[in-house]
Amino acid sequence: MAIIGIRHLVVAKINTETDGSPITYDAGMIMAEPIEANVTISRSDNPLYAGDREVENENGITGISTELNVDDLSDEVRAYMLGDIALSGEGNTGIYRETDDPAPYVGYGFIRVKKKAGVRKYIGVWNHKAQFSYNAEGTRTKGENVEWQTPTVVGRGQGVYLDNTGKIAWRDRKTFNSEAEAIAFLDGKAGITP
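Described below are features of the structure shown in this document. (Residues numbered from 1 in each chain as written. Predicted model: local features only at pLDDT ≥ 70, side-chain atom pairs only at ≥ 80, totals over all residues. Heavy atoms only, no water.)

Okay, the overall build of the chain next. Across its full length, the chain holds two helices and 13 strands. Principal axes of the C-alpha set define a box for the chain whose edges measure 70 × 45 × 40 Å. Summing over all exposed atoms, the chain offers an accessible surface of approximately 12,100 Å²; the carbon and sulfur share of this is 45%. Put simply, the chain has 21 plus and 28 minus side-chain charges, and the middle of one group is 9 Å from the middle of the other. (Helix = DSSP H or I, 4+ residues; strand = E, 2+ residues; numbered from the N terminus. Areas by Shrake-Rupley, 256 points an atom, 1.4 Å probe, with all protein chains shown as cover. Lys, Arg positive; Asp, Glu negative; His and termini not counted. Charge placed at Lys NZ, Arg CZ, Asp CG, Glu CD.)

In this model helix α2 (residues 179-190) runs 16 Å from its N-terminal to its C-terminal C-alpha over twelve residues, within 8% of the 16 Å that 1.5 Å per residue would give. Looking at α2, one finds that the buried residues are A182, F185, L186, D187 and A190. Looking at the buried residues of α2, the elements they touch are β1 (2-16), β10 (105-116), β11 (119-133) and β13 (171-176). Following α2 by one or two positions, G191 adopts a phi angle in the positive range, close to 70°. (Expected span 1.5 Å × (residues − 1). Buried < 20%, exposed > 50% of the residue type's maximum accessible area, 1.4 Å probe, protein only. Contact = heavy atoms within 4.5 Å.)

Under the definition given, this model contains three aromatic pairs. Ring geometry for Y108 and F132: centres 5.0 Å apart, planes at 75°, overall edge-to-face. Residue Y108 is found in strand β10, and its partner F132 is found in strand β11; the two are separated by 24 residues along the sequence. We note that Y108, like F132, is buried. Between F176 and F185, the ring centres sit 5.5 Å apart and the planes meet at 50°, which makes this aromatic pair tilted. For the pair F176 and F185, a shared accessibility class is recorded, and that class is buried. (Phe/Tyr/Trp six-rings, centres within 6.5 Å; stacked < 30°, edge-to-face > 60°.)

Inspection of the secondary structure assignment puts N127 in strand β11. Not counting chain neighbours up to four residues away, the residues in contact with N127 comprise I64, G107, Y108, F110, W170 and R171.

What follows concerns the environment of A180. Looking at where A180 falls in the secondary structure, it is placed in helix α2. Looking at A180, the relative accessible area reads 56%, which means it is exposed. C-alpha separation for the pair A180 and Y122, spaced 58 residues apart in sequence, amounts to 9.1 Å.

As paired strands, β1 and β10 are joined by nine bridges and run antiparallel to one another. Bridge pairing links G5 to V113 in β10. Both β1 and strand β3 (residues 29-32) contribute to a ladder of three bridges, which runs antiparallel. By the bridge assignment, L9 is partnered in β3 with A32. Here β1 pairs with strand β2 (residues 24-25) via two bridges, running antiparallel. Within β2, the position partnered with I14 by the bridge is Y25. (Pairing = 2+ DSSP bridges.)

Now the structure itself:
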């Protein structure tokens, strides 16, 4: 299997979260056109030594961080997922204020495109809970050749209890034969209607 692309990046604000029950989300939206997603999974690699050897190890997931590079972050998306406040107007005519308030908790997902033996598959990945931040921005003058300057946001994931099994869930993943099926899976999670 080789991953050859990323598509359909969606986000939805958490509406209700109760331990032992599925999270509910507000109606979500397309975040942006994705360029790259770098996922870092932290594990509690903690061996127990006894009798001069390793006899046990705990290596469960302790955190997920996703760095998303996208083509653009519209004012609407920034207000929705980063907590920017619209003071007046809308879109290009509006004024938005960034504050020290924390960003809202959201669920988010995207499609990973893979190819094996000439056949494409589409992996829908849904992360149940995260908080995004936009930590750095830079601007460079246009020179002889244009250098595209695109934003990167970082989502810090949190584990959740979605049922009564006592297991912490971080994300859901499902492989599909068609892109349309993967889109339907993610849109269903994010509450996006066609």
